[in-house]
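Each chain, written out:
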Amino acid sequence: MFLLDIRYDPKKSTITKWIKDGTGCKPVREVCHPKIYVSSTGKDKHELQHLISSLPGVRGTCIEKKRTWLGSEPEEVLCATMDAGSIHDTASMLEAKGCGLYNIDLDPVRQYLLECGLFPMARFKGDSLDDHQYALDYEVPELTSMRLSVTPSRDKGIATMDDTILRIALEDTIIEGEDEAQIIERLSGEIAVSDPDILFTDRGDSFDMPYLYHRAALHGIELQLGREKDILPDSCGRSYFSYGRMLYKPGGFTLAGRLHLDTSSFIFREGGLPGMIDLARITGIPMQELSRLSPGSAVTALQVNQALRDGVLVPWKRNLAEYWKTALELLIADRGALVIEPKVGLHENVSEIDFASLFPNIMVNHNISPETVLCSCCPDSSHRVPFVHYNICQRHTGLIPRVLTPLIERRVEYKKRIATDPARAEEYEMKQNMLKWLLVTSFGYMGFNKARFGRIECHESITAYGREILLLTMEMADRMGFEILHGIVDCLWVKGHGAERLCELMTRKTGIQLELKGEFRWLVFLPNKSNGAGALNRYYGVMNNGKLKVRGIEMRRSDTPRVIRDLQEAMLGKLAQAKNASEFRMKIPETIGVLREHARKLLAGECIPADLVFETHVSRGSDDYKQFNNQAAALRQYLHEGIKIQPGQSIRYIITDHSSKRYQKRVKIPELADETTVYDRAKYYEYLLRAAESILLPFGYTERRLDELVKGKVQENLCKYMVTDNF
DNA sequence: ACGGCACGGGG
DNA sequence: GTGTACGTGCCGT
């Protein structure tokens, strides 16, 4: 028997556990009230307890000994068992009275699991747990799954909620017909009969699910896709700022007793089902919630779980959004990682070397955690952070290292098994990849002003150690006769032979694995187009195994139309045939030929609309754009069709007349395009030249020269002359 | 010239 | 329920 899913109903204060065994999946319910904690800070404890006991929604109170911050001694605090619906009002009132409040926004499901020592996908024997949360070898239930997708009639070209359902595909079954109500009823029937554990969709929360329930409601049908009456999301989604840009998260259509998983969600894409199950087990986050989260939330969950197990309460962070760094703080934070400007141009015999999980390893090796950096118990410690000279606790291992150490070890073990257990290599690869992402995000969280267990001094300390390690590596490389071409954060590009030796030496010296990522037959670092200096993260090259590595240029961007991507791929394809630098130079004229052919096709109007589409995420609503750009024009066009795009959602458009100030003329939404739609050839040609320039700029080819070459004003042999002269 | 707007990286 | 900051290119005013 396995714990497939678990959810909380705040109205009825009940936990429902969905237990799967050989015969099916059944709900087991129990009443459960979440707990909150209150510290009295100077007031009389018993008077406060008396007051809280009398508040509405409070089921009971008691006094417990807990730590109110990492590393502090346990003290007496009040614990109130609550109706979930009353928590926020009660907390606000007590906060206004000057009380400290804890565990306020802890999900009741996670509280419950932690208290019972349970976790998603855990195995039972009878009534008792027969599993271990952090086990590496565990049994996974045999899960049955079906893929669901809905096709709307697209009456206006673009899919809308007003379209009738054209067709529903449920795994191999196609449901279609004249009568929409019948289609919906048949879907319900098919799912009830097949009774799958998982329903896979492609972005089902964004379209398929809300659309299906909306159509069902129009016919007065109460659609049920879960194993019990569905609970629909009460909000239709929200936009939020993350990763430096606006994102949009639709309301989650999670089902009762059946897992609705989106195959294009980040966690599924990166970890697949094995990675997601592994992560659900160790974080204690149920599969359906987990599939809708970012790895940062998984990291937070691990930290919160560890803190709670240590008897530490989680402070309520209620004004999370209203905090901006001051200029001084920004100055401090700015002393980030080390960057060496790349040497622009073509290079041979280059090795890329890179420290594995540098920042997580630094946090573990140097015990970096909010309560250990600048701790008050060892102010005179000789263990100091380089450059900033903070003292670090020598007596206690911090929360962050205690969370990270098992993750690092788990990943190392999975990586080992990829090699030793080829039959399950793919599964272990997905699991280790998922863990890699947790490690990557664990660093950024330290400097994140909204993180529960973040602290800017930790962030600074980590980058300080990072700088020291990279500087040491550069010194060693220099002494061994390598030329340093470029370096960034945890990675160096060095010119010379025998980089393995350098890796071995530095691994031994730092205790962190320095890996030889690859040796390049040749490598081109590209200049910044505005000032000509070496651009960080813009380069391409061919490794010894023949694989092309490309970073930063147009073809790597998600908003680049296919025509541009195709051009760059074709040009680089030619260059990739070169075995060394001199062959590379000989290949350049061929890339001009490639450009000429692509340009001819484009200017002749032979490109198909699908290849011309720009797809971007909008950061604001249609009215909030200060400038009339392509995005604003496309948004207006969507709105004209009755479609409201939320900030963070993506739009698609083709440029039809880039200089036009009229939104209907400037761009065209591809679904609305017809035979009369004509793309802006001059503009796309300009983009084509720029994309070619991105690749060839170090060799003297500017956009203008490329234009002349394409149009045939300059002879090709002249450009050959230029090339050989360039080095 | 300068501000507005969007996207990247990792293995 | 939520990673930062920054580099880069291109566009509009």
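Nothing here was measured: the structure is a model prediction, and the numbers come from that model.

Draft legend 1. Structural view of the overall build of chain A. Secondary structure assignment for chain A yields 21 helices and 26 strands. Relative to the globule expectation of 27 Å for 727 residues, the C-alpha radius of gyration of chain A, 29 Å, shows essentially globular dimensions. Overall, the C-alpha framework of chain A stretches about 90 × 80 × 55 Å when taken along its three principal axes. Evaluated residue by residue, chain A yields a buried proportion of 50% over its 727 residues. Sequence separation of at least 24 residues holds for 65% of the intrachain contacts in chain A that already meet a minimum separation of 6. Averaged over its 96 positive side-chain charges, chain A has a centre that lies 4 Å from the centre of its 98 negative ones.

Draft legend 2. Summary view of the UniProt feature "domain: DNA-directed DNA polymerase family B multifunctional" (unreviewed entry) in chain A. According to UniProt, the "domain: DNA-directed DNA polymerase family B multifunctional" (unreviewed entry) feature falls on residues 335-482 and 538-695. Secondary structure over residues 538-695 splits into 43% helix and 14% strand, and the C-alpha atoms at its two ends are 10 Å apart.

Draft legend 3. Highlighting unusual backbone geometry. The phi torsion at Asn349 lies on the positive side, around 55°, for a residue other than glycine. Its location among the elements puts Asn349 in strand S18 (residues 345-355). You can call Asn349 partly exposed: its relative accessible area is 39%. In the Ramachandran plot, Phe387 falls in the positive-phi region, its phi being about 70° despite a non-glycine side chain. Here Phe387 lies in the loop between helix H10 (358-365) and helix H11 (399-420).

Draft legend 4. Spatial organisation of helix H15 (residues 562-576). Compared with the 21 Å implied by 1.5 Å per residue over 15 residues, the 20 Å span of H15 between its first and last C-alpha is a close match. Residues of H15 that are buried sit in contact with strand S21 (514-527), strand S22 (534-543), strand S23 (548-551), helix H16 (581-603) and helix H19 (681-696).

Draft legend 5. Focus on the sheet that holds strand S7 (residues 100-102). The strand order S5-S6-S4-S7 describes an open sheet built from four strands, whose pairing is antiparallel. Every other strand in the sheet has two partners, leaving strand S5 (58-66) and S7 as the edge strands with one partner each. With strand direction ignored, the average angle separating the axes of adjacent strands in the sheet is 30°. Of the pairings in the sheet, the one linking strand S4 (residues 35-39) to S7 comprises three bridges and is antiparallel in character. Within S7, the residue paired with Ser39 across the bridge is Gly100. Contacting S4, strand S6 (75-82) and S7, helix H2 (residues 87-96) runs over the sheet at an angle of about 155° to S7.

Draft legend 6. Structural detail: the protein's contact with DNA strand B. Lining the immediate surroundings of DNA strand B are 24 residues, of which Ser558, Ser619, Arg620, Tyr625 and Gln631 lie closest. Contact between DNA strand B and Arg556: a phosphate oxygen at 3.3 Å from a side-chain N or O atom of the residue. When residues of the surface near DNA strand B are traced back to their parent elements, those giving at least two are helix H12 (425-444) and strand S24 (614-617).

Draft legend 7. Spatial organisation of the domain arrangement of chain A. The domains assigned to chain A are domain 1 (35-105), domain 2 (145-262), domain 3 (330-397 + 451-551), domain 4 (554-607 + 685-726) and domain 5 (609-678). Put simply, the middle of domain 2 and the middle of domain 3, counted by C-alpha atoms, are 46 Å apart.

Draft legend 8. Representation of the packing of H10 against H11 within the structure. Running from N to C, H10 and H11 cross one another at 125°; their axes reach a closest spacing of 9 Å. As far as their axial angle goes, H11 and H10 are oblique. Between H10 and H11 the crossing geometry is left-handed. Judged by residue contacts, Pro360, Asn361, Met363 and Val364 of H10 engage Ile400, Pro401, Leu404, Thr405 and Ile408 from H11. Per-class residue counts for the contact of H10 with H11 are seven nonpolar, two polar and no charged.

Draft legend 9. The arrangement of the pairing of strand S2 (residues 14-21) in detail. Within S2, seven of the eight residues are buried, which leaves it mostly tucked inside the rest of the structure. In the sheet, strand S1 (residues 2-9) pairs with S2 via seven bridges, with the strands oriented antiparallel. Across the sheet, residue Asp5 finds its bridge partner in S2, namely Trp18. Where S1 folds back onto S2 in an antiparallel hairpin, the turn is made up of four residues, including Ser13, whose phi is positive at roughly 50°. Of the strand pairs in this sheet, S2 and strand S3 (residues 24-31) are connected by eight bridges, and their pairing is antiparallel. Pairing of Ile19 across the sheet is with Lys26, part of S3. The hairpin formed by S2 and S3 contains two residues between the paired strands.

Draft legend 10. Broad picture of H19. Compared with an ideal rise of 1.5 Å per residue, which puts 16 residues at 22 Å, H19 spans 22 Å between its outermost C-alpha atoms and is within 8% of the ideal. Those residues of H19 that sit buried are Lys683, Tyr684, Tyr685, Leu688, Leu689, Ala691, Ala692, Glu693, Ser694, Ile695 and Leu696.

Draft legend 11. Spotlight on the nonpolar core. With 76 residues, the main nonpolar core has Leu279, Met287, Ile362, Met363, Ile368, Leu407 and Leu438 as its most contacted residues. No other element matches the nine residues that helix H13 (residues 456-479) contributes to this core. When residues of this core are assigned to domains, at least three map to each of domain 2 (145-262) and domain 3 (330-397 + 451-551). Each residue touching Ile362, except ones within four places of it in the same chain, is listed here: Asn367, Ile368, Ile462, Tyr465, Gly466, Ile469 and Ile512. Counting 60 residues, the second-largest nonpolar core is a separate cluster that includes Leu526, Ile645, Phe699 and Val710.

About the thresholds
Residues numbered from 1 in each chain as written. Chains lettered and ligands numbered in written order. Predicted model: local features only at pLDDT ≥ 70, side-chain atom pairs only at ≥ 80, totals over all residues. Heavy atoms only, no water. Helix = DSSP H or I, 4+ residues; strand = E, 2+ residues; numbered from the N terminus. Rg over C-alpha atoms; globule rule 2.2 N^0.38 Å. Buried < 20%, exposed > 50% of the residue type's maximum accessible area, 1.4 Å probe, protein only. Contact = heavy atoms within 4.5 Å. Lys, Arg positive; Asp, Glu negative; His and termini not counted. Charge placed at Lys NZ, Arg CZ, Asp CG, Glu CD. UniProt positions renumbered as here; feature names shortened; annotations may be inferred. Expected span 1.5 Å × (residues − 1). Pairing = 2+ DSSP bridges. Axes fitted to C-alpha atoms, helices over the stretch in contact; angles between N-to-C directions. Near = heavy atom within 4 Å. Polar contact = N/O pair within 3.5 Å; in protein donor to acceptor, adjacent residues only side chain to side chain. Domains from an automatic or database assignment. Parallel < 35°, antiparallel > 145°, perpendicular 65-115°, else oblique. Left-handed = near helix turned anticlockwise from the far one by under 90°. Nonpolar A, V, L, I, M, F, W, Y, C, P; charged D, E, K, R; others polar. Core = buried A, V, L, I, M, F, W, Y, C linked by side-chain atoms within 4.5 Å.

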